[in-house]
Amino acid sequence: MNALNQTLLARASAKLGPRVCMAVGVLVLALLLAMPLLHLLPAEHALHVTAYSLTLVGKILCYAIVALALDLVWGYAGMLSLGHGLFFALGGYAMGMYLMREAAGDGLPAFMSFLAWNELPWYWYGTSSFLWAMCLVVLAPGLLALVFGFFAFRSRIKGVYFSIMTQALTFAGMLLFFRNETGFGGNNGFTGFTRILGFDITAQGTRAALFFATVLLLVASLYLGFRLARSKFGRVLTALRDAENRLMFCGYDPRGYKLFIWVLSAVLCGLAGALYVPQVGIINPSEMAPTQSIEAAVWVALGGRGTLIGPLLGAGLVNGMKSWFTVAFPEYWLFALGALFIVVTLFLPRGVVGLLQRQSS
């Protein structure tokens, strides 16, 4: 009788678990959608959400999209990338070019005038158009990922060698963008944005619209991830992660699968970067620093790779801690991050989601 009761309890928990997760997800989504509306309330209203809070949460949501994109290539395809910060920054720079042209009007961007440039470089042509800027947001990280992935996967580079190459790629990008002569603002990057699509970028309505667009992109990315994970394509990816040689023995060519998910992940990072820049108000080469990409890997590991939901939790937890640490103890943040990574590696191999699943069972 006791065994029967335990069996019934286990079945009830299995049925209740997804419903509870769904209810929590709907509640979080409702709160996120309510935040831009509450931001539009008068500043003296008790429920008013400040511009700082809205910007902070919007920045974390952009990072959550990066974590989800990294989970697609690491959690499902087994490719640890330490260079996703480069794709994120490229999308941000593409949007920043448009914002700088909006701020400059008919003249040159402020940093070009300061450096005594006489004309725009050829790769800046057309960036006064929002539609072309959005094309660059997709094409810049997408084409770079396509070229890099084509040669890397054709050469069957994987494991730690692939991780090192991606880290070298983002480090090279950072060094390139730090140079003043490249035409991207040097170490200062882009800042001083004033308008987007003709609207004041600091206006309450504009901030609310950008936050709302970030939530929509996160939901769309999560939906796409779930559809891919539950499809035949997703099953091939997990087989690729667990036993690539067996998959090849079954007649599959893993290069096409790797390349597709790699490019898709890069494009998602670029879109996240494009929404990050107008909300935060700055983009510079520090976003390409290898430590940024390593932090993204920590987000995924902490939340639970291969789960899609876990990386979102990890990005929220780590960046929430970072926001507190950089105010209270700014000099100790990197030590705390390193300790967190060690704890996750030793005691939480499946992340927070794995811990929750173990406790519920």
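In this text the structure is predicted, and so the values were computed from the model without any measurement.

Draft legend 1. The packing of helix α2 (residues 51-76) against helix α7 (residues 204-229), seen in detail. It is the contact of α2 with α7, at a shortest axis distance of 10 Å, that shows an interaxial angle of 20 degrees. As judged from the angle between their axes, α2 and α7 are roughly parallel. As for how α2 packs across α7, the hand of that crossing is left-handed. Contacts between α2 and α7 involve Ala 51, Leu 54, Thr 55, Val 57, Gly 58, Leu 61, Cys 62, Ala 64, Ile 65, Leu 68, Leu 72 and Tyr 76 on the former and, on the latter, Arg 207, Ala 208, Phe 211, Thr 214, Val 215, Leu 217, Leu 218, Ser 221, Leu 222, Gly 225 and Ala 229. Looking at the contact of α2 with α7, its residues break down into 17 nonpolar, 5 polar and 1 charged.

Draft legend 2. Broad picture of the nonpolar core. Residues Trp 124, Phe 190 and Ile 261 are the most contacted members of the largest nonpolar core, which totals 100 residues. A total of 15 residues in this core trace back to one element, the largest contributor, which is α2. Leave out the neighbours within four places in its chain, and Trp 124 touches Met 97, Met 100, Arg 101, Pro 109, Phe 111, Met 112, Gly 183, Phe 184 and Phe 190.

Draft legend 3. Representation of the confidence of the model for the chain in the model. Taken residue by residue, the chain gives an average pLDDT of 89. The fraction at 70 or more is 93%. Every residue in residues 1-16 is under pLDDT 50, and counting partners more than four places away or in other chains gives 0 contacts.

Draft legend 4. Region of interest: unusual backbone geometry. Even without being glycine, Ala 116 reaches a positive phi, approximately 65 degrees. Its place among the elements puts Ala 116 in the loop between α4 (110-114) and α5 (130-154). For Ala 116, a relative accessible area of 57% corresponds to the exposed category. One non-glycine residue, Leu 308, adopts positive backbone phi at about 70 degrees. Structurally, Leu 308 can be placed in the loop between α11 (290-303) and α12 (309-328).

Draft legend 5. Spatial organisation of the pattern of salt bridges. Per the stated rule, a full pass over the model turns up 6 salt bridges. Note that Glu 244 and Lys 158 form a salt bridge whose closest N and O atoms lie 3.5 Å from each other. Note that Glu 244 is positioned in helix α9 (residues 244-249) and Lys 158 in the loop between α5 and α6 (160-178), a separation of 86 residues in sequence. Residue class for Lys 158 comes out partly exposed when judged on its relative accessible area of 36%. Its salt-bridge partner being Arg 179, residue Glu 181 comes within 2.4 Å of it at the nearest N-O pair. For Glu 181, a relative accessible area of 48% translates into the label partly exposed. Accessibility expressed as a relative area gives 46% for Arg 179, which makes it partly exposed. The network of salt bridges with shared partners includes Lys 158, Glu 244 and Lys 258.

Cut-offs and rules
- Residues numbered from 1 in each chain as written.
- Predicted model: local features only at pLDDT ≥ 70, side-chain atom pairs only at ≥ 80, totals over all residues.
- Heavy atoms only, no water.
- Axes fitted to C-alpha atoms, helices over the stretch in contact; angles between N-to-C directions.
- Helix = DSSP H or I, 4+ residues; strand = E, 2+ residues; numbered from the N terminus.
- Parallel < 35°, antiparallel > 145°, perpendicular 65-115°, else oblique.
- Left-handed = near helix turned anticlockwise from the far one by under 90°.
- Contact = heavy atoms within 4.5 Å.
- Nonpolar A, V, L, I, M, F, W, Y, C, P; charged D, E, K, R; others polar.
- Core = buried A, V, L, I, M, F, W, Y, C linked by side-chain atoms within 4.5 Å.
- Buried < 20%, exposed > 50% of the residue type's maximum accessible area, 1.4 Å probe, protein only.
- pLDDT = per-residue confidence, 0-100.
- Salt bridge = Lys/Arg side-chain N within 4 Å of Asp/Glu carboxyl O.

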